[in-house]
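# Fold and geometry: a report
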Amino acid sequence: MSLRNIAIIAHVDHGKTTLVDALLAQSGVFRANEATVERAMDSNDQERERGITILAKCTSVLWHGAAGETRINIIDTPGHADFGGEVERILGMVDGCVLLVDAEEGVMPQTKFVLGKALKMGLRPIVCLNKVDRPHADPERVLNDAFDLFAAMGATDEQLDFPHIYASGKNGWATMDMAKPNDTLAPLFDLIVEHVPEPKAVARANEPFQILAVLIESDPFLGRLLTGRIEAGKAVPGMAIHALDRDGKEIERGRITKVLAFRGLKRQPIEDAEAGDIIAIAGLSKATVADTLCAIDVLTALPAQPIDPPTISMTVSVNDSPLAGKEGDKVQSRVIRDRLLKEAESNVAIRVTETSEKDAYEVAGRGELQLGVLIEGMRREGFEVSISRPRVVYQKDEETGARLEPIEDVMIDVDDEFSGIVIEKLSARKAELKDMGPSGAGKTRISLVAPSRSLIGYQGEFLTDTRGSGVLNRVFSHYEPHKGVIEQQRKGVLISNSDGETAAYSLWNLEERGTMFVGPNEKTYQGMIIGENARMDDLDVNPMKAKQLTNVRASGKDEAIRLTPPRRMTLEQAIAYIDEDELVEVTPKNIRLRKQVLNPSFRKRKVRAD
């Protein structure tokens, strides 16, 4: 039986996980009467709720096609640039990839990012034009754009000669020629078997065992599981191995307790695994991502892919508000530290460092979404933390000593009428316009380059300006000299001046001051932000003042109090909203905004000192 290892790469929402669903269904992985779910590979709760892939996952199918029986290991990768660290590592253990491009939206920033990584590793992608059955699809234009992108990215002649196929992942069909309709994905399976080479490792089947760990996870019964592709030899349970770091230094010795292979959606223990197969190994306790696991007599480590540096950081600290410890059970700094270090170990795109302040840790990652997903995961596990406003990670030019800041490629699709305000707002944030033109159906596509710090907190404003119809995509591009001060004005906030529960009467009186973030009968404390002021300055208010009642003014005499529903923020919105002197308090039940210094007198004194 021959073997193929492929990754499915694309921009977010171009249909990777839906296509994998169809590939699984048509390869006979599911029984005839088995209940199946949509986006089977998006297995964790946040992936299902957000509708995006966060972690790369492996599956395996058997295909009986024109070339006989072939086992195809398929890896579904995230499409969002914030999770690009997953894509970079994954491409090291496959021999080919299917680049999915939406036949209507066309080439997007993340398409450029993942394609650049694939071409750099010498892979020859298959271009799959997905969603060709959509009303505004234009596969020929998108195919030309894809070719131009390959050429612009410096593809070799061999890579430029890429095969392409038209498909509808949702409806489960693919065809090499739009004039010849089809109702199955068989042409895609056959193209993969024909175009993707067999793993080179197959030729090293008789050499000593070697595997590079690419993914790490923990299993409650088996302990640490390390996934990778066998580069040489075979893996057998009970075999003695050792782990080497990138420099070839030994980390630990141990035995393989279990060899697990992917068979459909399940991972099954197998007796031996051949070179070239993608497997998970249990038995080691210290080895991690980018380490080489090998037979005892092998002393050289396999080369590991360098990972792009983080561009955004924020401070995660212990929750020290008056309501701390009332909703979560994991509140100590030691527990928070262990959880963050565990995340940094399995996710190489995240970096955790201790700060000079006690009980606070600096967490650096690729973007606000990646950090938001981490904090949301911790919140669901019962953690209580305080989070600062995200900051960009600067670098220093080694030659000139100048400060460099991260720059991002931004691509925006908006209705024609909103293009003016979007360009105006982004130009004020030091963004530079690269290209602009119609993208069909009354929409305009705008390409810009902008400093990462100018985009922090812009998403909410962008959705307001475009009446919720705009789509903004961004991906890290490179570092450039610092662009100077960016004027970003936000309205002031309404701050509670004492502890207690909010009163409807008081909130009703405060509504003319601005937009409220809290409703009646909610716990608040001194220094907590309860709303947005209509003016530019901060205002301390009392949200607990009840109506004074006498025997003359009975409670039912006055007009009924009707409150406007409060504006509730998601975690990402809250992180983007806060200012430098504010924090987001995250607990399993609530997301609250607060000032770093709660006491108003101390706060004013600190402002004067600064």
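Residues numbered from 1 in each chain as written. Predicted model: local features only at pLDDT ≥ 70, side-chain atom pairs only at ≥ 80, totals over all residues. Heavy atoms only, no water.

### Comments concerning the packing of aromatic side chains
- Counted by the stated rule, this structure contains 6 aromatic pairs.
- Aromatic pair Phe147 and Phe162: ring centres 6.3 Å apart, planes at 45°, arrangement tilted. Of this pair, Phe147 sits in helix H5 (residues 139-152) while Phe162 is found in the loop between helix H6 (157-160) and strand E6 (164-168), placing the two residues 15 residues apart along the sequence.
- According to the relative accessible area criterion, Phe162 is buried, its value standing at 10%.
- An aromatic cluster is defined as three or more aromatic residues linked by ring pairs; in this entry it consists of Phe147, Phe150 and Phe162.
- Cation over ring: Arg403 sits above Tyr394, and NZ or CZ is 4.2 Å from the ring centre. (Phe/Tyr/Trp six-rings, centres within 6.5 Å; stacked < 30°, edge-to-face > 60°. Helix = DSSP H or I, 4+ residues; strand = E, 2+ residues; numbered from the N terminus. Buried < 20%, exposed > 50% of the residue type's maximum accessible area, 1.4 Å probe, protein only. Lys NZ or Arg CZ within 6 Å of the ring centre and 35° of its normal.)

### Describing the side chain of Lys117
- As for its placement among the helices and strands, Lys117 is situated in helix H4 (residues 109-120).
- In this structure Lys117 comes out as buried when scored by relative accessible area, which is 14%.
- Sequence-distant contacts of Lys117, that is, excluding residues within four places in its chain, are made with Glu88, Leu91 and Asp308. (Contact = heavy atoms within 4.5 Å.)

### A word on the nonpolar core
- Within the largest apolar cluster, 38 residues are counted, with the highest numbers of intra-cluster contacts made by Ile9, Ile75, Ile90, Leu91, Leu99 and Phe150.
- For this core, the secondary-structure elements that each account for two or more residues are strand E1 (2-10), helix H3 (84-90), strand E4 (96-102), H4, strand E5 (126-130) and H5.
- Among residues more than four places away in sequence, those in contact with Leu99 are Ile9, Thr111, Val114, Leu115, Pro125, Ile126, Val127, Cys128 and Phe150.
- Of all hydrophobic cores here, the second largest spans 34 residues; its members include Val335, Val352, Met378 and Val392. (Core = buried A, V, L, I, M, F, W, Y, C linked by side-chain atoms within 4.5 Å.)

### Topic: the pattern of salt bridges
- Tallying each qualifying case throughout the model produces 37 salt bridges.
- In this structure, Glu405 engages Arg453 in a salt bridge whose closest nitrogen and oxygen atoms are separated by 2.5 Å. Of this pair, Glu405 sits in strand E23 (residues 403-415) while Arg453 sits in helix H11 (residues 452-455), and the two are 48 residues apart along the sequence.
- Between Lys434 and Asp409 there is a salt bridge, and its shortest N-O distance comes to 3.5 Å. Linking Lys434 in strand E24 (residues 432-440) with Asp409 in strand E23, this pair joins segments that are 25 residues apart in sequence.
- Through salt bridges that share partners, Asp102, Glu104, Lys131 and Arg134 make up one connected network. (Salt bridge = Lys/Arg side-chain N within 4 Å of Asp/Glu carboxyl O.)

### A closer look at the environment of Arg592
- Position of Arg592 relative to the elements: it lies in strand E34 (residues 591-595).
- Residue classification places Arg592 among the buried positions, given a relative accessible area of 8%.
- Expressed as a C-alpha distance, the spacing of Arg592 and Ser386, which sit 206 residues apart in the sequence, is 9.5 Å.
- Apart from residues lying up to four places away in sequence, Arg592 is in contact with Leu323, Glu327, Lys523, Tyr525, Met528, Leu583, Val584, Glu585 and Thr587.
- Within the structure, Arg592 has its side chain in polar contact with the side chain of Glu327 (distance 2.9 Å). (Polar contact = N/O pair within 3.5 Å; in protein donor to acceptor, adjacent residues only side chain to side chain.)

### Topic: helix H10 (residues 419-428)
- Among the residues of H10, Ser419, Val422, Ile423 and Leu426 are the ones counted as buried. Buried residues of H10, seen end-on, are gathered within an arc of 95° and therefore sit on one face of the element. In H10, the exposed residues that point more than 90 degrees away from the buried face are Glu424 and Ala428.
- On its buried face, H10 is in contact with E23, E24, strand E25 (443-451), H11 and helix H12 (458-465). (Arc of directions from axis to C-beta.)

### Overview of unusual backbone geometry
- The backbone phi angle of Lys131 is positive, close to 60°, even though this residue is not glycine.
- Looking at the element boundaries, Lys131 is found in the loop between E5 and H5.
- For Lys430, which is not glycine, the phi dihedral falls at a positive 70°.
- Locating Lys430 in the fold gives a position in the loop between H10 and E24.

### Let's talk about the side chain of Glu384
- Following the sequence through the fold, Glu384 ends up in the loop between helix H9 (368-380) and strand E20 (385-387).
- Of the buried charged residues, Glu384 lacks a salt bridge, with Arg592 as the closest side chain of opposite charge at 6.6 Å.
- Among the polar contacts listed, one links the side chain of Glu384 to the backbone nitrogen of Gly325, at a separation of 2.9 Å. (Lys, Arg positive; Asp, Glu negative; His and termini not counted.)

### Quick word on the sheet that holds E6
- Taken together, the 7 strands give an open sheet; going across it, the order is E2-E3-E1-E4-E5-E6-E7, and neighbouring strands pair in mixed fashion. The sheet is open, and its two borders are formed by strand E2 (57-65) and strand E7 (173-175), each paired with just one other strand. Going across the sheet, the axis of each strand differs from the next one's by a mean of 30°, ignoring polarity.
- Across 3 bridges, the pairing between E5 and E6 is parallel. (Pairing = 2+ DSSP bridges. Axes fitted to C-alpha atoms, helices over the stretch in contact; angles between N-to-C directions.)

### With respect to the confidence of the model for the protein
- Scored by pLDDT, the protein comes out at a mean of 83, with 92% of its residues at no less than 70.
- Ignoring residues within four places in sequence, the model shows residues 31-35, a span with pLDDT below 50, making 2 contacts including any to other chains. (pLDDT = per-residue confidence, 0-100.)

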